[in-house]
Amino acid sequence: MNVMKLVLKIISYTGLGLTLIPSILFLIDKIELSQLKLYMLIGVFVWFGSAVFWIGKGRSKK
Amino acid sequence: MKTATITKKLDQLYEFDREPVGQKNLQGLGNFLGIFAGEHVAGTEFVIGMLFVAHGVSVVDMLVGGLIGNILAVLSWAFITTPIAVKVRLSLYWHLKKIAGPVLVFIYNIVNALMFCFLAGAMVAVSATAVGIPFHIQMPELNDLYPNSVGWVVTVIIVGAVITAVAIMGFESLARFAKVSAPWMFLIFVAAAIASIGTMDVNSFSEFWDIAKIKIWSGIPLDGQSKFTMWHVIFFTWLANAAMHLGMSDLSLFRYAKKWQYGFASAIGMFLGHYVAWISSGIIYAAALYNNFFFDAPGPLAYNIVGIAGAVCVVIAGWTTANPTLYRAGLALQVASPNWSRWRVTLIAGMLTTVAALFPALVMKLLEFVAIYGLILLPMGSVIFADYYLIPKIGLTQYYAENRGINFNWAAGITWFGLLLLALVMNRVFGVEVFFLGPPVWILGIVTYLFLSRIYQRRTIILA
């Protein structure tokens, strides 16, 4: 795996973290709903901004 | 157009997979896990979990019934569909043609295409519920069957047109985008459910369980909705993809499997999409009701709890799953017009899909539609099963249409239409709900096909 792909994967997983973790923080009253919505929106950009460069690229299904 | 001409053109259309899949084209387990994980976290999952809540499913019914139903679905794929798929290694089209003949396969494809258009329509409608949010469109409500506002009609037409246009320009790129979206979409479901619990004054697991019993899956249906029991959940969950497993559509997919055990790969789609995602969407809906947010459309519900990310998820979930469905509809529809180019067929399929999406009934009665969709295609799965395992054992000819050179196997045709008629009578006259008709229809299909084949094959030989 080249370094670029590794970096992209780390960024993507951060995006997934920004999608899931805020909901847990909201559940345990550590953040407000408005913050949850903001973090999850950032997660959208981080995930799609990075995952499109490595998921399903150069591989055919059938 | 003469039957021979249609058959020739159809055969050309499916030419690329006329032969059984060769050893070098077989796919690994990871491929099947990916396909199931991606295709079963769809836009419609947002609606199904919500409808279970609306139908008054209790918490035990949901958790236990969903578990049993999903296990039955996985076992159906693993023990019924995949063993035949890996031995014959033909697509459904060619396999069925050998048994039923080209004319019956033609009819089957048209019916299948229409079902795919309706299914894609439900997904377009799901997307439209999110697209309409910034424009304050009046959303359909639980008991709406017809378009309820001009805004809804305009939104659906625009969404349908965009989805069709993108599908015409490139299925492949959107299929890749769907693959990128899948893990994120699943986490949005889970995150929205967790956040929803956070809005319901829950401080411990025991409190959550109490809230789940009383406020989420209360066991009391909403106004205008029928009461669902655990049996409803088991049968619906088992048969939500009946067309694929018992109906044998996934012969086309699993013919690429190295081993029949790959049928168990369906578990990932079932338990992520048809268990966790349904439970999540139920929690999201119930939490919205708990907080006096009275919307029945997935877009506003997701937007309410997780903001723009939720609305984007609803759009993408509907869009990315409508895309392959539209592709399949186009492929199946091409039987009616083999000379037409793919873009033209996709356009027709897209128009049918968009018209279907205008009717909120497709979303609000999605449980019934999904059950009917599976039921309509089930008898042909029985025919394939009986032909593969049982016909040779009772001394009859397997792949009868191919072996005798006939265009329409009446034994298969009467089995299909006769059982659908019987199902209709059972439903309309005797009041048996559509959710429970699948298994008896499938089993009766096997018996009927064997019985009719015995008469039909002897009669054809005597007449010949």
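The structure displayed is predicted, hence computed values, not measured ones. (Residues numbered from 1 in each chain as written. Chains lettered and ligands numbered in written order. Predicted model: local features only at pLDDT ≥ 70, side-chain atom pairs only at ≥ 80, totals over all residues. Heavy atoms only, no water.)

1. Describing the overall build of chain A
Point 1. Of regular secondary structure, chain A possesses two helices and zero strands.
Point 2. Expected size for 62 residues packed as a compact globule is a radius of gyration near 11 Å; at 14 Å, chain A overshoots this value by more than 25%.
Point 3. Reported as C-alpha extents along the three principal axes, the dimensions of chain A are approximately 45 × 25 × 15 Å.
Point 4. Counting the 62 residues in chain A, one finds 35% classified as buried. (Helix = DSSP H or I, 4+ residues; strand = E, 2+ residues; numbered from the N terminus. Rg over C-alpha atoms; globule rule 2.2 N^0.38 Å. Buried < 20%, exposed > 50% of the residue type's maximum accessible area, 1.4 Å probe, protein only.)

2. Points about the overall build of chain B
Point 1. What chain B contains, in helices and strands, is 20 helices and zero strands.
Point 2. Since a compact globule built from 464 residues should have a radius of gyration of about 23 Å, the 22 Å found for chain B is in line with a globular shape.
Point 3. In terms of overall dimensions, chain B has C-alpha extents of about 75 × 45 × 45 Å along its principal axes.
Point 4. Taken over 464 residues, chain B has a buried fraction of 60%.
Point 5. Taking the intrachain contacts of chain B between residues at least 6 apart in sequence as the baseline, contacts between residues at least 24 apart amount to 86%.
Point 6. A total of about 17,800 Å² of accessible surface is found on chain B, and carbon and sulfur atoms cover 68% of it.
Point 7. Distance between charge centroids for chain B: 16 Å, based on 27 positive and 20 negative side chains. (Contact = heavy atoms within 4.5 Å. Areas by Shrake-Rupley, 256 points an atom, 1.4 Å probe, with all protein chains shown as cover. Lys, Arg positive; Asp, Glu negative; His and termini not counted. Charge placed at Lys NZ, Arg CZ, Asp CG, Glu CD.)

3. Quick notes on the packing of aromatic side chains
Point 1. A complete count under the given rule lists 34 aromatic pairs over all chains for this structure.
Point 2. Between A:F48 and B:W184, the aromatic rings sit 5.0 Å apart at their centres with planes inclined by 70 degrees, giving edge-to-face as the arrangement. Here B:W184 lies in helix α8 (residues 171–198) and A:F48 lies in helix α2 (residues 33–51), a pairing that spans two chains. This pair shows no difference in class: A:F48 is buried, exactly as B:W184 is.
Point 3. With a centroid separation of 5.2 Å and 85 degrees between ring planes, the pair formed by B:Y93 and B:W94 is classed as edge-to-face. B:W94 matches B:Y93 in its accessibility class, with the two residues each being buried.
Point 4. One aromatic cluster is present, formed by B:F32, B:F36, B:W77, B:F254 and B:Y262 through successive ring pairs.
Point 5. One cation-aromatic arrangement involves B:K98 over B:Y399; the distance from NZ or CZ to the ring centre is 4.5 Å. (Phe/Tyr/Trp six-rings, centres within 6.5 Å; stacked < 30°, edge-to-face > 60°. Lys NZ or Arg CZ within 6 Å of the ring centre and 35° of its normal.)

4. A short note on the nonpolar core
Looking at soluble globular proteins, one finds that nonpolar side chains tend to be buried together.
Residue and element names in this part refer to chain B.
Point 1. Judged by nonpolar contacts, the single largest core of 183 residues is most densely connected at F52, W184, I216, W217, F236, F254 and Y373.
Point 2. At 16 residues, helix α17 (residues 366–390) tops the list of elements feeding residues into this core.
Point 3. The contacts of I216, once residues within four sequence positions are left out, are V53, M200, F208, I211, G282, I283 and A286. (Core = buried A, V, L, I, M, F, W, Y, C linked by side-chain atoms within 4.5 Å.)

5. Some thoughts on the interface of chain B and chain A
Point 1. With 30 residues of chain B at the contact, the number on the chain A side is 23 residues.
Point 2. Of the roughly 2,400 Å² buried where chain B meets chain A, counting both sides, 74% is carbon and sulfur surface.
Point 3. For the chain B face of the interface with chain A, the top three residues by lost area are B:R176, B:V180 and B:W184, together amounting to 24%.
Point 4. Seen at the junction of chain B and chain A, the total is zero salt bridges.
Point 5. If you look at where chain B meets chain A, you find two residue pairs in polar contact (both at pLDDT 80 or more).
Point 6. Contributions of two or more residues to the side of chain B that touches chain A are made by α2 (29–39), α8, α13 (298–306) and α14 (308–333) of chain B.
Point 7. A total of 15 residues in the side of chain B that touches chain A trace back to one element, the largest contributor, which is α8(B).
Point 8. Tallied by class, the residues present in the side of chain B that touches chain A amount to 21 nonpolar, seven polar and two charged. (Buried area = accessible area lost by both parts, 1.4 Å probe. Salt bridge = Lys/Arg side-chain N within 4 Å of Asp/Glu carboxyl O. Polar contact = N/O pair within 3.5 Å; in protein donor to acceptor, adjacent residues only side chain to side chain. Nonpolar A, V, L, I, M, F, W, Y, C, P; charged D, E, K, R; others polar.)

6. Quick look at the pattern of salt bridges
Residues and elements named next belong to chain B.
Point 1. Inspection of every chain in the model, using the stated rule, returns one salt bridge over all chains.
Point 2. Of the charged contacts, one joins E402 and K98 as a salt bridge, the two residues approaching to 3.3 Å between their closest N and O atoms. Of the two residues, E402 sits in helix α18 (residues 400–404) while K98 sits in helix α5 (residues 92–100), which places them 304 residues apart along the sequence.
Point 3. Take E402: its relative accessible area is 45%, and that puts it in the partly exposed class.
Point 4. A residue is classified by how much of its surface remains accessible, and K98, at 18% relative accessible area, is buried.

7. Some details on the environment of B:A242
Residue and element names in this part refer to chain B.
Point 1. Relative to the assigned elements, A242 resides in the loop between α10 (230–239) and α11 (251–254).
Point 2. Between the C-alpha atoms of A242 and G395, which are 153 residues apart in sequence, the distance is 29 Å.
Point 3. Apart from the residues lying within four places of it in its own chain, the contact partners of A242 are G247, G374 and L378.

8. A few points about the packing of helix α7 (residues 150–169) of chain B against α14(B)
Relative placement of two packed helices is described by the angle separating their axes and the distance separating the axes.
Residue and element names in this part refer to chain B.
Point 1. The geometry of α7 relative to α14 is characterised by a closest axis approach of 10 Å and an angle of 55 degrees between their N-to-C directions. Here α7 is positioned oblique relative to α14, judged by the angle of their axes. In this structure, α7 meets α14 at a crossing whose hand is right-handed. Contacts between α7 and α14 pair V162, I163, T164, V166 and A167 from the former with W319, A322, N323 and L326 from the latter.
Point 2. When grouped by side-chain class, the residues that make up the contact of α7 with α14 number seven nonpolar, two polar and no charged. (Axes fitted to C-alpha atoms, helices over the stretch in contact; angles between N-to-C directions. Parallel < 35°, antiparallel > 145°, perpendicular 65-115°, else oblique. Left-handed = near helix turned anticlockwise from the far one by under 90°.)

9. A look at the packing of α2(A) against α13(B)
Point 1. The interhelical angle for the contact between α2(A) and α13(B), taken along N-to-C directions, is 110 degrees, at an axis separation of 8 Å. Comparing their axes, α13(B) and α2(A) come out roughly perpendicular. For the pair α2(A) and α13(B), the contacting residues are A:L33, A:L36, A:K37 and A:M40 in the first and B:Y303, B:N304, B:I305 and B:V306 in the second.
Point 2. Taken together, the residues of the contact of α2(A) with α13(B) break down into six nonpolar, one polar and one charged.

10. Quick notes on a nonpolar patch on the surface
All names here are of chain B.
Point 1. Taken together, L114, F118, I168, M169, W340, W343, L347, I348, M351 and L352 make up a surface patch of nonpolar side chains, about 910 Å² in accessible area.
Point 2. At the level of secondary structure, the elements contributing two or more residues to the nonpolar patch comprise α6 (102–131), α7 and α15 (342–357).
Point 3. When residues of the nonpolar patch are assigned to their parent elements, the largest contribution, five residues, is made by α15.
Point 4. Note on placement: M351 falls in helix α15.
Point 5. For M351, a relative accessible area of 48% corresponds to the partly exposed category. (Patch = residues over 30% accessible without salt bridge, like charges linked within 9 Å, V, L, I, M, F, W, Y side chains within 5 Å.)

11. Regarding helix α4 (residues 59–88) of chain B
Point 1. Here α4(B) is 30 residues long and its end C-alpha atoms lie 42 Å apart, about the 44 Å a rise of 1.5 Å per residue gives.
Point 2. Among the residues trailing α4(B), B:R89 stands out with phi positive, at a value near 60 degrees. (Expected span 1.5 Å × (residues − 1).)

12. Observations regarding α14(B)
Point 1. Compared with an ideal rise of 1.5 Å per residue, which puts 26 residues at 38 Å, α14(B) spans 36 Å between its outermost C-alpha atoms and is within 8% of the ideal.
Point 2. A large share of α14(B) lies buried, amounting to 19 of its 26 residues.

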